[in-house]
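Each chain, written out:
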Amino acid sequence: MRAINARKRSALLAYLYLKAFHIIFVMSWFAGLFYLPRLFVNLAMAGEGAEYDRLLLMARKLYRFMAPLALLALALGIWLWLGFGFSGGWLHAKLALVAGLIGYHLYCGKLYRDFAARRNHHSHVWYRFFNEIPVLVLVAVVLLVVVKPF
Ligand code: HEM
């Protein structure tokens, strides 16, 4: 009986640590998903010159830094999902939104390369709207995982 309780306790601890680090990496990834498009707003407004180059460098460093954070957030999420047997409509809806988020992340890479090649053709207003997408996804995902409405 005591052995079963000890096993249950260590499984619960593993789940809680995994979830805590999942949330930490999700938050760190989102810091980039919020800030990178803000840099694009400024890049779209900056003329050629030192300011443009500085913003471009910041965007490149940030984009590179975001990839490992995203991979860790996703890996821990998959570990939670498969390791602890989560299922349900909320999880499928969340996975669909996460797939969209990965697409958004990769599209940011394409936008960065366009800026680097001096071939951006979107206005700063377009980037301001583009910037709101991760906010909406974050609200939807947090409601899904916390409330689990279906
Ligand atoms: C492959 C991608 C992902 C998978 C498979 C996944 C899976 C999971 C699982 C199974 C849980 C535990 C749910 C529970 O304890 O009730 C969880 C928690 C959580 N996930 Fe993810 N996740 C992924 C990506 C993300 C992303 C991108 C976000 C943010 C947009 C996110 C936000 C959260 C939050 C906030 C929690 C904590 C919920 C709570 O404590 O009630 N996850 N995730």
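Keep in mind the model is a prediction, meaning the values are calculated, not measured. (Residues numbered from 1 in each chain as written. Predicted model: local features only at pLDDT ≥ 70, side-chain atom pairs only at ≥ 80, totals over all residues. Heavy atoms only, no water.)

(A) Just the UniProt feature "transmembrane region" (unreviewed entry) in the chain, in detail. In the numbering adopted here, UniProt assigns the feature "transmembrane region" (unreviewed entry) to residues 20-41, 62-84, 90-108 and 129-147. Between the end C-alpha atoms of residues 20-41 the distance is 32 Å, and the span holds 100% helix and 0% strand. Between the end C-alpha atoms of residues 62-84 the distance is 33 Å, and the span holds 96% helix and 0% strand. (UniProt positions renumbered as here; feature names shortened; annotations may be inferred. Helix = DSSP H or I, 4+ residues; strand = E, 2+ residues; numbered from the N terminus.)

(B) Representation of the side chain of K94. Counting through the fold element by element, K94 comes out in helix α3 (residues 89-116). This buried residue, K94, is left without a salt bridge; E132 holds the nearest opposite charge, at 21 Å. Beyond its immediate sequence surroundings of up to four residues, K94 is in contact with H22, V141, L144 and V145. (Buried < 20%, exposed > 50% of the residue type's maximum accessible area, 1.4 Å probe, protein only. Lys, Arg positive; Asp, Glu negative; His and termini not counted. Salt bridge = Lys/Arg side-chain N within 4 Å of Asp/Glu carboxyl O. Contact = heavy atoms within 4.5 Å.)

(C) A look at the environment of F84. In this structure, F84 sits in the loop between α2 (50-83) and α3. In this view, F84 contacts A11, A14, Y15, L18 and W79; residues no more than four positions away in its chain are not counted.

(D) Summary view of the nonpolar core. Core analysis: the largest hydrophobic core is formed by 34 residues, its most contacted members being W29, L36, F40 and L43. Those elements that provide at least two residues to this core are α1 (2-45), α2, α3, α4 (124-130) and α5 (133-147). No other element matches α2, which puts twelve residues into this core. (Core = buried A, V, L, I, M, F, W, Y, C linked by side-chain atoms within 4.5 Å.)

(E) Inspection of the site of the ligand at higher detail. As a matter of local geometry, the ligand sits amid 23 residues, with Y15, K19, H22, K94 and K148 nearest to it. Here an oxygen atom of the ligand sits 2.8 Å away from a polar atom, N or O, in the side chain of K19. At 2.8 Å, a side-chain N or O of H22 approaches a nitrogen atom of the ligand. Applying the majority rule of atoms within 2 Å of the grid points places the ligand in the largest pocket. Looking at which element gives the most residues to the shell around the ligand, the answer is α1, with seven residues. For the shell around the ligand, a count of residues per class yields 18 nonpolar, two polar and three charged. (Near = heavy atom within 4 Å. Polar contact = N/O pair within 3.5 Å; in protein donor to acceptor, adjacent residues only side chain to side chain. 1 Å grid on protein atoms, 1.4 Å probe; cavity = no way out; pocket = protein on both sides within 12 Å on 5 of 7 lines; lining within 4 Å. Sits in = over half its atoms within 2 Å of the grid points. Nonpolar A, V, L, I, M, F, W, Y, C, P; charged D, E, K, R; others polar.)

(F) Representation of the packing of aromatic side chains in the model. Inspection of the entire model under this criterion finds 13 aromatic pairs. Judged by centre distance (4.4 Å) and plane angle (20°), the rings of Y104 and F130 are stacked. Here F130 lies in helix α4 and Y104 lies in helix α3, a separation of 26 residues in the sequence. As far as the burial class goes, Y104 and F130 line up, both buried. With centroids separated by 5.0 Å and ring planes inclined at 90°, the aromatic side chains of W126 and Y127 adopt a geometry described as edge-to-face. For Y127, a relative accessible area of 0% gives the class buried. (Phe/Tyr/Trp six-rings, centres within 6.5 Å; stacked < 30°, edge-to-face > 60°.)

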